[in-house]
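One letter stands for each residue in the lines below.
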There are 2 protein chains.
Amino acid sequence: MATGEFDLIGQYFTDRSVPRDDVITGIGDDCAILSVPAGKQLVVTTDTMVSGIHFLSDANPADIAHKLVAVNISDIAAMGGQPAWASLALTLPSFDSAWLSAFSDSLHRQLHRYGVSLIGGDTTKGNMTLTLTLQGFVEHGKALPRHGAKTGDLIYCSGSIGDANAGLKLLIDANNRTDLHPENSDEALLTKNDKDYLIARHQRPTARVSTGQALVGIANSCIDLSDGLASDLKHILNASSRVCGVALSANIELSALPLSTALQTYVSKALWPQYALAGGDDYELLFTVSPEHKTQLEEVMAAHYLPYTHIGEIVSAGQSEQIEVEKIEQQINYFNDKQLTTLALQGWDHFQ
Amino acid sequence: MATGEFDLIGQYFTDRSVPRDDVITGIGDDCAILSVPAGKQLVVTTDTMVSGIHFLSDANPADIAHKLVAVNISDIAAMGGQPAWASLALTLPSFDSAWLSAFSDSLHRQLHRYGVSLIGGDTTKGNMTLTLTLQGFVEHGKALPRHGAKTGDLIYCSGSIGDANAGLKLLIDANNRTDLHPENSDEALLTKNDKDYLIARHQRPTARVSTGQALVGIANSCIDLSDGLASDLKHILNASSRVCGVALSANIELSALPLSTALQTYVSKALWPQYALAGGDDYELLFTVSPEHKTQLEEVMAAHYLPYTHIGEIVSAGQSEQIEVEKIEQQINYFNDKQLTTLALQGWDHFQ
C-alpha cells in the first residue's frame, strides 16, 4: 500500500461535518479551534473499539461506525450533557475504499443525528483500532455524577435491558461460534422482527441523550449501562459511598427489570437476570432519584415520552465511623417478588 | 491474560494527575467535567502512535510516552496555545507491569512538565496503539493559523532541524537495520554527546510551547514540523493561497537552514538539505511574519531566549483571477547562497 493512498483516507471525513457556530476551525489545521458557550462546562469522554475484541472482525463497517458514535455519546448522555464535537483516531490495516465509504457514511449519519461536528483526528496504519473522543456541554454545575446516590434514593433504568446481549448471541450463533451461555435459548421462537430488533440493539444502540438531559436537576446519580447493570450499579455504589461516607448497598427487584418481549421470548426465564444484569452493551441510563423528586421525574419523563422503570432502592450498609468505606465490597441485594434471592452472574468478557 | 488484570491498567494513570482548578471532575466518571476560562477558546488535537510504524517495536516505553505527549503538545504550541488537558486511549497486547510502570512514569513526568492534567481515556486489548487527545486554550481570536501567510512574509523556523532524522538513522544502524539513506554518513566522527543529542532529538522531542505563545499577535501563520519542512511549508502555502486568493510560493535559502553541529558532523554536506527539509519529526515551529513585525519578533524572542532563524520569504506565484488557486502545485524555490538550485528530496515513510 502506497502512503499516498493512505493519505487519501482524510477525504472520507472532511467537508461533510455538521456545521456549528462554535466550531471556529475544524479539520485542517494543527488543532481545531472551538468556543464553549458562556455558562457551560465541558464534558469529555474517550472510547476505543478494537477489531476482534469489541466487534467481530467481519463486522459491517456501517455498524462499527454507528456503535462507535453511540457508545461515546452515551457517556455524554449519562452526564446530562449535550454532545457537540468529535475527534476520530482511525487505525486501519489497509486502504479499503469500500470499507471507508461505508464506515464514513454511517459515521457522518450518526454525527448528524446527534448534531455533532467532526473536528479532527488522525489516520494511521496498523491493526484496526478506532478511538473517538467526544465533547459536549452541561450547564455549569449541573452534570449528573456517578457519586451522588444517597440512602433512600429510588433506582431507575431507561428503556429495556439485556437485549444487546441477546442480539450478540444471535449473531454468534449465526456465525456457528460457540454458545455464549451453555443453557438453552430458542431462536426458533422468534419472529424475524424480534430477531432484527435484538441484533440492532447490539449493533446499533441509541444513546439516551434526551433522557440524560431530562434528568438534570432531578437525578442524584447517573451512569450509562455499558458493562451490565450489576457492574455499573456497583460503580455508583462505590463512588457514592466514598463521597457520602456511608457504605451504600442496593436492593434490586428482579421482577421489575424492564425486559423486551423479544428477550422474554428468546431466553428461558431462568436466564433473564443473567442477560439483564450482566449482559452489557445496552447503553441505557441507570440513575437514582430522591423520593421527594419522584413526582417531578414522572412528570418530565411523561412529557417527553421517555421510557423508564423503577427497579429498586439505595440502602445503607453501615456507617463510615465503624468501617473503611473503600474496603467494603459493595453489595447488591436481589429480590424476587420481594423475597431475597441469590444470583450467580457470569461475567462478560467481550469476545473471549 | 485475565480481564481482571487488564482492568488494573487504570491504576497506573489515576491519582497522579496534575491538579488544575479547571478540572472539576477528572478520571472516574462517564466524562471529565471541565471549565474553560472566560475569554479563551479551546484548541484540540489528536495523534496516534502505532508500534512498528511510529516507533520501533522494541522501543523504550519511557521514550514512547515522552514522544506521545510531545507530538500532541507540539500541535497546541503551533496554535500559540497553552496545553491543559489530555485523554489517553491505550491499546496494549498484554498486561505488562514493567512496561506500564515505565510508560506511565514517563507520561506523568511529561504531563507535569507542561502542566497538563490527564482527565480520562480508555484501556483496551489489541496491537499496541496509543492515541492522545490534547486540549488547550488560546486567547479568543488569537490562535496562529496555517492559512495566514501573505506575500512578502519572512519565513522562520525555531531551533534546529534534521536532528531527529539523524537520530533515527543512528538507532536503525545500531539495530543493524537497512540504511535509511544510501549515501554515506559517518558515525565514527561523532562524540558520545553528539550521538546522544541526536538520538534524544528523535526519541524525546520538546514541544515549543513558549515559542508558539511568543508568536501570538506577531506571526501570520504557524505549523509544527512533523513531516519535514518541505512538506509542512506546502501546507502553509496551500492553506494560505486558498484564503488570500493569491497562489503563494516560498523562496528558501539552503545556507540559512539551522543545523546543529552534531548533524553537520554526522552527515555529509550534500545530504544536509535532505535531513533538514525531508527528515520529519523535529517538532520545531515553522512560521511567517510580516516585515513590519520583524523588530517586534526579534525583541520578544530575545527577551525569552528563544532560538529561531530566518530561512526565506513568501512570494506570489500568480493571481487568482488568472488561475485556480487550488489546482496549483505550490512551489518552493530553493536557493544556495542566493543561486536558484534544484533539489530531489526523498520522501519519508515512517519505518517502511
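Residues numbered from 1 in each chain as written. Chains lettered and ligands numbered in written order. Predicted model: local features only at pLDDT ≥ 70, side-chain atom pairs only at ≥ 80, totals over all residues. Heavy atoms only, no water.

Overview of the overall build of chain A
Phase 1: For chain A, the count of helices and strands is 10 helices and 13 strands.
Phase 2: Within chain A, the proportion of its 352 residues that are buried is 58%.
Phase 3: Across chain A, every contact between residues at least 6 apart in sequence was considered, and the portion connecting residues at least 24 apart equals 87%.
Phase 4: Carbon together with sulfur atoms contributes 49% to the accessible area of chain A, which is approximately 14100 Å² in total. (Helix = DSSP H or I, 4+ residues; strand = E, 2+ residues; numbered from the N terminus. Buried < 20%, exposed > 50% of the residue type's maximum accessible area, 1.4 Å probe, protein only. Contact = heavy atoms within 4.5 Å. Areas by Shrake-Rupley, 256 points an atom, 1.4 Å probe, with all protein chains shown as cover.)

Regarding helix α3 (residues 97-114) of chain A
Residue and element names in this part refer to chain A.
Phase 1: Over its 18 residues, α3 runs 26 Å from end to end, which matches the ideal 26 Å to within 8%, given 1.5 Å per residue.
Phase 2: Along α3, the residues that are buried comprise W99, L100, F103, S104, S106, L107, H108, Q110, L111 and Y114.
Phase 3: Residues of α3 that are buried make contact with α2 (61-78), β4 (82-92), β5 (117-125), β6 (129-139) and α6 (209-215).
Phase 4: Of the residues one or two after α3, G115 is the one with positive phi, at around 70°. (Expected span 1.5 Å × (residues − 1).)

Focus on the environment of B:D232
Residue and element names in this part refer to chain B.
Phase 1: Inspection of the secondary structure assignment puts D232 in helix α7 (residues 229-244).
Phase 2: Judged by its relative accessible area of 2%, D232 is buried.
Phase 3: Sequence separation between D232 and L285 is 53 residues; the distance between their C-alpha atoms is 10.0 Å.
Phase 4: Not counting chain neighbours up to four residues away, the residues in contact with D232 comprise I223, D224, L225, S226, D227 and L286.
Phase 5: At 3.1 Å, the side chain of D232 and the backbone nitrogen of D227 are in polar contact. (Polar contact = N/O pair within 3.5 Å; in protein donor to acceptor, adjacent residues only side chain to side chain.)

Considering the pairing of strand β7 (residues 154-158) of chain B
Residues and elements named next belong to chain B.
Phase 1: With 5 of its 5 residues buried, β7 lies for the most part within the structure.
Phase 2: Burial along β7 is two-sided: L154, Y156 and S158 facing one way and I155 and C157 facing the other are all buried.
Phase 3: Taken together, the 4 bridges between β7 and strand β10 (residues 285-289) define a ladder with antiparallel strand orientation. If you follow C157 over to β10, its bridge partner there is L286. (Pairing = 2+ DSSP bridges.)

Observations concerning the interface of chain A and chain B
Phase 1: With 51 residues of chain A in contact, the opposing surface of chain B contributes 51 residues.
Phase 2: Summed over both sides, the interface of chain A with chain B buries roughly 3800 Å², with 51% coming from carbon and sulfur.
Phase 3: It is A:D30, A:C31 and A:V44 in chain A that bury the most area against chain B; as a group they hold 16% of the surface buried on that side.
Phase 4: Run the count over chain A and chain B and you get 4 salt bridges. (Buried area = accessible area lost by both parts, 1.4 Å probe. Salt bridge = Lys/Arg side-chain N within 4 Å of Asp/Glu carboxyl O.)

Concerning the pattern of salt bridges
Residue and element names in this part refer to chain B.
Phase 1: All chains considered together, the criterion is met by 26 salt bridges over all chains.
Phase 2: Put simply, D173 and K169 hold a salt bridge, and the shortest N to O gap is 2.9 Å. On the criterion of helical spacing, the pair formed by D173 and K169 is a turn pair, its members being 4 residues apart in helix α4 (residues 163-174).
Phase 3: A relative accessible area of 1% means that K169 is categorised as buried.
Phase 4: Close ionic contact of E284 with R208 constitutes a salt bridge, the shortest N to O distance being 2.8 Å. Placement of E284 in the loop between α9 (272-278) and β10 and of R208 in the loop between α5 (192-203) and α6 (209-215) is noted, with a sequence separation of 76 residues between them.
Phase 5: What makes E284 buried here is its relative accessible area of 0%.
Phase 6: Relative accessible area serves as the criterion here: at 21%, R208 is assigned to the partly exposed category.

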